[in-house]
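Residues per chain are reported as follows:
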Amino acid sequence: MRVRWNGGELTFRLDPEDEITGRAADGHPVKLATGSCEIRGVPGDAHDDLWAVAAWTIVAPWTRRRITFDRPVSPELARVLHDGWGVEAGPVGGTPRMAGGTLALSYSGGADSVAAATIFPEAPFVHFRRVSHPRVPNRWPHYRSDVLAKLAVQTGREVTTVDSDLEFTLAEPRPGYPEHHAVAAGALLLADRMDLGGLAFGYELGSRWLGGDRYLLRYTPDNLMWAPHGAWGRLFAAVGVHIVLPVGGVSEAVTMRIALESPLKAQVRWCLRGTGGPCRTCGKCLYKELIQAAVERRPMDTPITAARPVARKWQEPPPYGGQEMIEYGCARIPGIEKTPFAKAAEYLRATEESTAWLDHCYRPAIEEIPPAWRGQVTEFMAARVGFMDEAQARRVETWGA
Ligand SMILES: [Zn+2]
C-alpha cells in the first residue's frame, strides 16, 4: 500500500499483494470502491505520525504486508504497526508525538455517545459528518448526516465538525468506515491543535466486552479494536491519543437511562433516516425502542409488526446480535408477547434477575481508562450506576460460554 496526503486529500494505491476485498479488524469483508477521499478542514502541520495513523484507519483492510507513507513514521509507530498487523511501515524516522492534556469525545449523537458526554461535561466534541464523494454516486440519500451535525451543535458544547467522504472508499457492503476507527481520522489530525491526550468513544459493554454485534456471544477481554492492549489501542496510544471508553463498563440499558436523564436529552438521535425525529420504522429504531421501553418500564410503542422484514431475525431462535439487550428488554417490557419480540422472549426465557447484571458497571472497564480520566468515571459510576458484584461480573466473563 502506498499513501499520499495532499492537504486533507488522501490518495492510496494498492501494492501487487494487496486485494480489493479486504478484511476489517472486526472480521468483516470490505470491498474497495475508490482510492481517494478527503478529510476537510484539518491543519497542514499535524505530526507526521498522526497523518500515518489517520491514513491507516482508512487503508488497513486492504493492506497485506507493507505500507509506504509520504513522510517518515517514528520507529515506535512502525513497531506497533508491525506487532499489530505484521505490516512493514516506512520510511522510518523522526520521533513520536507526545500525549497532550485534553480529552475530546468522538460524538455521534446516539444514546451511548450522549452518556459518555454526560460523564465528561467539559469535553469538546469532534463530530464526523459524511459528505458526498466527487466520483462515487450516493445511493443512500436517506442517511441524514446534516441532521446529526445540527443536533451536535445544538448541544451547546464546543463542537468541531469534520466533513469527510471517506466512507465512500468502501463499495461493499455499503458506504461506511473501512475500520470503525476511521470515524476518528479527523480527530487524529486535529490532535495537535486540540492538545489531545485521549479520545473518548461511546462504545459500551456489549461492544467492548461481549464481542459487539459481529462476534456473537463471546467474552472479549482482548478485543482487537477497543482494548488498550489490542492492536488499535496500542496504535492510538503510540500517537498520544489514548482510546477512552467512559461507558465501556455499562450496558445499553444504562447508557439509555443516562442519556434520557441528561441535559443533552433533546439532542439524542440514533436513527439516521428521519429529519424531524427518529423514523420509527427501521431496525435500529425497533431495537432502541425495545431498550427505551424496558428502561421506562412501559409497553413498546412501535408501528412495526412481526411480519415486517426488519423484525424477521427476532422470529428466529438465538443467538442474536446485542442479545444481552434483547434479554433485558424481554424480561422487563409489559406485554412483550404482543410485540415483534414475542418469539425471542419465548426462546430466551430471561428474567429480571437473570438480567440484573446489565444495570451495573463492570469494574475492569474502569481500570483500563488512563489515570488522568479514571477518577471522573469512577465517581460517576459509583454515584449514578453502581458496580457489579462478583457473581454479576462472572456473567460478563462467561458470556457465550
Ligand atoms: Zn429509524
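Conventions and cut-offs
- Residues numbered from 1 in each chain as written.
- Predicted model: local features only at pLDDT ≥ 70, side-chain atom pairs only at ≥ 80, totals over all residues.
- Pairing = 2+ DSSP bridges.
- Helix = DSSP H or I, 4+ residues; strand = E, 2+ residues; numbered from the N terminus.
- Axes fitted to C-alpha atoms, helices over the stretch in contact; angles between N-to-C directions.
- Right-handed = clockwise from strand over helix to strand, strands pointing away.
- Domains from an automatic or database assignment.
- Buried ≥ 20, exposed ≤ 12 C-beta atoms within 10 Å, placed from the backbone.

Per an unreviewed UniProt entry, the chain is named DUF6395 domain-containing protein, and its organism is Nonomuraea mangrovi.

Asker: Would you explain the sheet that holds strand β4 (residues 29-32) in this entry?
Answerer: Strand pairing within a sheet occurs via backbone hydrogen bonds; the two strands may be parallel or antiparallel. Pairing in this open sheet of 3 strands is antiparallel, and the strands run β3-β4-β11 from one edge to the other. The outermost strands of the open sheet, each flanked by one partner alone, are β3 (21-23) and β11 (170-172). Averaged over all pairs of adjacent strands, the angle between strand axes in this sheet comes to 50 degrees, irrespective of strand direction. Bridge analysis of β4 against β11 gives 2 bridges, and the strand direction is antiparallel. By the bridge assignment, K31 is partnered in β11 with E172.

Asker: Any chance you could explain the pairing of strand β6 (residues 66-73) here in plain terms?
Answerer: Across a regular strand the side chains alternate sides, sitting on one face of the sheet and then on the other. For β6 and strand β7 (residues 88-92), the ladder comprises 4 bridges, and the chain directions are parallel. Among the inter-strand pairings, I67 is bridged to a residue of β7, identified as A89. Handedness of the β6-helix α2 (residues 75-85)-β7 crossover: right-handed.

Asker: Quick question: what am I supposed to make of the sheet that holds strand β8 (residues 102-106) here?
Answerer: Reading across from one edge, β10-β9-β8-β12-β13 is the order of the 5 strands in this open sheet, with parallel pairing throughout. Whereas interior strands pair on both sides, the edge strands pair on one side only; in this sheet they are β10 (159-164) and β13 (242-244). Averaged over all adjacent pairs, the angle separating strand axes in this sheet is 30 degrees, with direction ignored. Alignment of strand β12 (residues 196-200) against β13, held across 3 bridges, turns out to be parallel. Residue pairing across strands places G198 opposite H242, the latter belonging to β13.

Asker: Is there a simple way to think about the domain arrangement of the chain in this case?
Answerer: Accessible area lost upon the coming together of the parts is a frequently used measure of interface size. Along its sequence, the chain is organised into domain 1 (2-92) and domain 2 (254-356). Using C-alpha coordinates to define each centre, domain 1 is positioned 38 Å away from domain 2.

Asker: It is not clear to me how unusual backbone geometry should be interpreted in this structure. Could you clarify?
Answerer: With the exception of glycine, the majority of residues adopt a negative phi angle, and the majority of peptide bonds are in the trans configuration. In this chain, E172 is followed by P173 through a cis amide linkage whose omega measures 5 degrees. Here P173 lies in the loop between β11 and α5 (185-189). With an omega of 10 degrees, the peptide bond running from P318 to P319 counts as cis. With respect to the helices, strands and loops of the structure, P319 is situated in the loop between α10 (283-296) and α11 (323-332). The backbone phi angle of R280 is positive, close to 70 degrees, even though this residue is not glycine. Within the secondary structure, R280 is located in the loop between α9 (252-260) and α10. R280 sits in the partly exposed class, given 15 other C-beta atoms within 10 Å. A positive phi angle, close to 50 degrees, is found at R349, a residue other than glycine.

Asker: Just to check I follow, could you spell out the pairing of β10 for this structure?
Answerer: Taken together, the 6 bridges between strand β9 (residues 125-130) and β10 define a ladder with parallel strand orientation. Each residue of the ladder has a partner; that of F128, found in β10, is V162. The handedness of the β9 to β10 crossover, carried by helix α4 (residues 145-154), is right-handed.

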